[in-house]
Amino acid sequence: MNAREALTQALVARHAAMQTEHSCDFEQALRADELFLPDEQAAVRQACRMLGFVEEDARLLDQAWQRQSQRTGHFDPTHWPDSAQDFGLVPWPRNNAFAPCPEHLGLYAVLPDAAWIARMAQAGVPTVQLRFKSTDQEAVRREVRTAVQAVKGTSSLLFINDHWKIAIEEGAYGVHLGQEDMDEAQLETIRQAGLRLGLSTHGYGELLRAQAVSPSYLALGAVFPTTLKKMKTAPQGLGRLGAYARLMKGRSLVAIGGIDLNAVPDVMRTGVGSIAVVRAITAAEQPDQAALAFQQAMKLS
């Protein structure tokens, strides 16, 4: 084993918490076009691939590690990059920032219709999202309008998934968009309307792309395996979630994906300010009690 291979293996062993089931072996991680990179740079990229990071994320981590080394004057294989300046992040405050929302959004319930929104708002859930799936725009408008009315007089903050135009017109608190939706939605229109914006992310590349538009909060996931929908990326795990939270310290962060009641303390210890759940409430035998149990667990964590 040469020096580069030894460093690669040492990096993988030291940062095993970042690993996913998409990890690969050393031969798979080695790329011919990187044979002439400096040993440390090549070792970082190979280690990131072995830990299961997608190619874009491996490249971004390599760049961040280079900047970290230049800033500190030495290469430290034990320090996973988590400084905003090493990832080239623009500091806050920002002129293009969306309206702020609380850094700690608490329990965040993602719900299928306005009736569920009303029920959870009355149950005291601090943040709710209407994820109503329909191609019937009039049906969507009715659900959004009813959901907006349902949270009035409660402390619940209402986000609308995807349907940003209707959310603006009906006076919702905010909008949540996925990565694909960022290219189609008129983000400046949403910002000028004063709505809060939440964006989904699934790794470093998507996280950096999302934070560049200065949203109100960032959703980080999927933390654990979830059957709710097919994910393009492997579950991130607690190690990566903690790394993302350190990088985005001071921002409103929402962890999502496969989080059950037993996992709440570990998830909250990563530094996020909110936990989003879907089936943990909608599929519960007693949804109101499930919501209360999550909130109590979060307060005690």
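Trainee: Looking at this structure, I do not really get the pairing of strand E6 (residues 217–221). What am I missing?
Mentor: Buried residues dominate E6, accounting for 5 of its 5 residues. Along E6, one buried face is formed by Tyr-217, Ala-219 and Gly-221 and the opposite face, lined by Leu-218 and Leu-220, is buried too. Note that strand E5 (residues 196–201) and E6 share 4 bridges and pair parallel. Each bridged residue has a counterpart across the sheet, and for Ser-200 the counterpart in E6 is Ala-219. Following the backbone out of E5, through helix H9 (residues 204–211) and into the adjacent parallel E6, one traces a crossover that is right-handed.

Trainee: How should the pairing of strand E3 (residues 157–161) be read in this particular structure?
Mentor: Each regular strand carries side chains that alternate between the two faces of the sheet. When you tally the buried positions in E3, you get 5 out of 5 residues, the bulk of the element. On E3, burial covers both faces: Leu-157, Phe-159 and Asn-161 on one face and Leu-158 and Ile-160 on the other are all buried. Pairing of strand E2 (residues 127–130) with E3 involves 4 bridges; the strand directions are parallel. Within E3, the position partnered with Val-128 by the bridge is Leu-158. Viewed along the sheet, the connection from E2 through helix H6 (residues 137–151) into E3 turns out right-handed. Pairing of E3 with strand E4 (residues 174–177) involves 3 bridges; the strand directions are parallel. The residue bridging Asn-161 from the neighbouring strand is His-176, located in E4. Since E3 and E4 lie parallel, the crossover through helix H7 (residues 164–170) that links them has a hand, and here it is right-handed.

Trainee: Can you help me understand the packing of aromatic side chains in this one?
Mentor: What describes a pair of aromatic rings is the distance from one ring centre to the other and the angle between the planes of the rings. Using the criterion set out here, one finds 10 aromatic pairs in the structure. Each ring, one from Tyr-204 and one from Tyr-244, has its centre 4.9 Å from the other, and the planes form 80°; the classification is edge-to-face. Here Tyr-244 lies in helix H10 (residues 237–247) and Tyr-204 lies in helix H9, a separation of 40 residues in the sequence. The buried category is assigned to Tyr-204, whose relative accessible area is 0%.

Trainee: Please clarify how H10 should be interpreted in this entry.
Mentor: Structural remark: α-helix, 3.6 residues per turn; residues separated by three or four positions point the same way. Among the 11 residues in H10, 8 count as buried, and that is most of the element. Those residues of H10 that fall on the buried side of the exposure criterion are Gly-237, Arg-240, Leu-241, Gly-242, Ala-243, Tyr-244, Ala-245 and Leu-247. Those residues of H10 that are buried lie in contact with H9, E6, strand E7 (252–256) and helix H11 (264–269).

Trainee: Please explain the sheet that holds E3 as it appears in this structure.
Mentor: Paired through their backbone hydrogen bonds, the strands of a sheet run either parallel or antiparallel. Read around the closed barrel, 8 strands run E1-E2-E3-E4-E5-E6-E7-E8, paired in parallel fashion. Direction aside, neighbouring strands of the sheet carry axes that sit 25° apart on average. Note that E4 and E5 share 4 bridges and pair parallel. Residue His-176 lies in a different strand from E5, and its bridge partner there is Gly-198. Across the sheet, H9 lies against E5 and E6, angled at about 165° from E5, the strand it touches most. Across the sheet, helix H13 (residues 287–300) lies against strand E1 (106–111) and strand E8 (274–277), angled at about 150° from E1, the strand it touches most.

Conventions we followed
- Residues numbered from 1 in each chain as written.
- Predicted model: local features only at pLDDT ≥ 70, side-chain atom pairs only at ≥ 80, totals over all residues.
- Heavy atoms only, no water.
- Buried < 20%, exposed > 50% of the residue type's maximum accessible area, 1.4 Å probe, protein only.
- Helix = DSSP H or I, 4+ residues; strand = E, 2+ residues; numbered from the N terminus.
- Pairing = 2+ DSSP bridges.
- Right-handed = clockwise from strand over helix to strand, strands pointing away.
- Phe/Tyr/Trp six-rings, centres within 6.5 Å; stacked < 30°, edge-to-face > 60°.
- Contact = heavy atoms within 4.5 Å.
- Axes fitted to C-alpha atoms, helices over the stretch in contact; angles between N-to-C directions.

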